[in-house]
Structures are given as C-alpha cells and as structure tokens.
Amino acid sequence: MFNIPGNCTHVKLDIGLSYNAPQSQSWLSKEPNLMVFGFEPNPNAFVVKKFNGINLNNINKYDNRFFINKVALGNVETLEEMTFYSTTKDCGTSSLYEPIDNMAMDGQGFGSFNKIKVPVLSLKMFFDEFPWDRFEYIDYIKIDAQGSDLNILKGAGDYLREKVVFVTAEPDGHQYIGADNCNESNISEYMLSQNFIKINHPNTNDPTYVNKKFMDLAKSIYIEQK
C-alpha cells in the first residue's frame, strides 16, 4: 500500500472516487511530486469509460503515484463487512446508506441499486500504518462518500487534528436513509472540536476547513474540489 515513489514529497487523500477518479486525476496532472491514496469500494467505479457523453481520462498513467484502496471508510475500530448500495444509474451516488430515491439532486431519482458486501475500515487504521517518518502531514482530504462523510472524519481519531492540513466534506446525508446527521452543521461542529476553522476557498465547492495548527503552512498547499 505504501510503495511511494521517491520523488513524491506530499500526499492527498481522495475518498469517494466515482467514475475513474476525476479529482485525483486533476491533482496528479498539476502536481508532479504528489502521491494520492484513493478510497472506493464500488467495483463499478473503474469500468465505465464514458459518462454523460464525456470521454474519461485513463487513470492508469498515474499508477505509480496513485493507489486505490478498494474499501469503504467509516467510524469503526476493526475491519468490518457492511452492506453497500451500488446505484445503477450513477455509481457516484452509491453509499453505505440506502438512497432515498426522490431526493436525487437531478430531480429524477437515484434509480435502482444492487446490495453488495464491502470491507470497511477507518482512517485511523490507515494512518496507524502510514509512513510518518517520511511525511509529517497530509496536505488534503477530500471526502464525497454519500452520507458517510461525518463518520469518516470521526474515524480518523487524533490524526485529524495532529496531521491533516485541509479537509473538504460533503453534507448530503439528507439524501440517504439513516444519514441525517451528515449535515453541514454537525460537520462544522466536529471540525471545530478538532481545531479546524471553516473557510471559503476559491477552488472548492463543498464545505472546506483548515487546521489552525498549520495556518502558515496552508498558504503553500494547493487544494481543489469541484
């Protein structure tokens, strides 16, 4: 997992990759010294080569600087197996929570889904094995996990406040059964408790936070979430 090329000097995490990890591709194309760890449990995420008439780039050209963890993330203490709702209309709306069909943002519903079992671990478990002797901090964590974002943040433990500079999370729990707690108010409250403040960043759309511990360092870090 941590076979990181010697030229890589910084790290970002992309949680929820959708079709062919478009956000990771954008980061990697702009930062030649970047290593990205992606997290995506949906087996359908990397089989589609065209979506909505758009040809998707080939993520394979970044293989040496991009590693996909084929797991879901949550607030768990040990590796677990959970039900995952893999939506057939748009795999980017798949979730550990069952979709509320009439809540889709396009107004046309999520469509059908298949229930599959996926492994679930926590960011703390990932960070427990991370080579901190080489990287003192994580530049950026982007989360788009369809109702699981707050659970994922809580699952990072103390690493969030001690080792992460920027976080972007999506507060869309209202679109999924049992995920109402994943809203902007609760996410912001939790991030405040972890020494982060909410910012308006020109390169992000969803709520974004910066760690007060790294305020001076943050000025030199590139982030982007579209």
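Bear in mind that the values here come from a model prediction, so they are computed numbers and not experimental data. Position numbers for residues count from 1 along each chain, tracking the sequence in the order it is written. Totals for whole chains, interfaces and linings use every residue, but because this is a predicted model, local features are given only for residues with pLDDT of at least 70 and side-chain atom pairs only at 80 or more, for both listing and counting. Side-chain numbers here rest on the full set of heavy atoms in the structure, without hydrogens or water.

S.K.: Sorry, what's going on with the overall build of the chain here?
M.R.: The secondary structure listing takes helices from DSSP runs of H or I that are at least 4 residues long and strands from runs of E that are at least 2 residues long, numbered from the N terminus. Looking only at helices and strands, the chain has 6 helices and 12 strands in total. The buried label goes to any residue with under 20% of its type's maximum accessible area, the exposed label to any with over 50%, and the partly exposed label to all in between, with areas taken from a 1.4 Å probe on protein chains only. When burial is assessed residue by residue, the chain has 52% of its 226 residues classed as buried. Contact criterion: two residues are considered in contact whenever any of their non-hydrogen atoms come within 4.5 Å of each other. Looking at the chain alone, contacts between residues at least 24 apart form 73% of all its contacts between residues at least 6 apart. Accessible area of the chain: about 10,700 Å², with a carbon and sulfur share of 48%. Accessible areas in this description were obtained via Shrake-Rupley with a 1.4 Å probe; residue shielding takes into account the shown protein chains only.

S.K.: Mind showing me how you'd approach the environment of F113 here?
M.R.: One can find F113 in strand β8 (residues 113-121). For the pair F113 and S94, spaced 19 residues apart in the sequence, the C-alpha separation amounts to 8.0 Å.

S.K.: Mind showing me how you'd approach the environment of V164 here?
M.R.: If you trace the backbone, V164 turns up in strand β10 (residues 164-169). Along the chain, V164 and F214 lie 50 residues apart, while their C-alpha atoms are 8.3 Å from each other. If near-sequence neighbours (up to four positions away) are discounted, V164 is found in contact with I138, I141, Y159, F196, N211 and F214.

S.K.: I tried to follow the sheet that holds β8 on my own but got confused; where do I start?
M.R.: What holds strands together in a sheet is hydrogen bonding between their backbones, with the strands either parallel or antiparallel. Here the rule is simple: two strands pair whenever DSSP picks up at least two bridges between them. Spatially, β6-β8-β7 is the arrangement adopted by the 3 strands of the open sheet, whose pairing is mixed. Edge strands, defined here as strands with exactly one partner in the open sheet, are β6 (72-73) and β7 (80-87). Strand direction decides the pairing type here: β6 and β8, joined by 2 bridges, are parallel. For A72, the partnering residue across the bridge sits in β8 and is V120.

S.K.: In this structure, what is going on with the nonpolar core? I would like to understand it.
M.R.: Across soluble globular proteins, you tend to see nonpolar side chains buried next to one another. Counting residues in each nonpolar core, the largest one holds 36 residues, and the members touching the most others are L13, F127 and I141. In contact with F127, other than residues within four places in its own chain, are L13, W132, I138, I141 and Y159. Formed by 15 residues, the second largest nonpolar core is a distinct cluster that contains A21, W27, F214 and A218. Side-chain atoms within 4.5 Å are what join buried Ala, Val, Leu, Ile, Met, Phe, Trp, Tyr and Cys residues into a set we call a nonpolar core.

S.K.: Can you walk me through the pattern of salt bridges in this structure?
M.R.: When charged atoms on two side chains of opposite charge get close, those side chains can pair. Salt bridge criterion: a side-chain nitrogen from Lys or Arg within 4 Å of a carboxyl oxygen from Asp or Glu. Evaluated as defined, the whole model comprises 7 salt bridges. With a closest N to O distance of 2.9 Å, E31 and K12 form a salt bridge. Of this pair, E31 sits in the loop between α1 (22-30) and β2 (34-39) while K12 sits in strand β1 (residues 10-15); the two residues are 19 residues apart in sequence, bridging distant segments of the chain. Like E31, the residue K12 is buried in the burial classification. Shared partners join several salt bridges into a network, and the residues in it are K12, E31 and D139.

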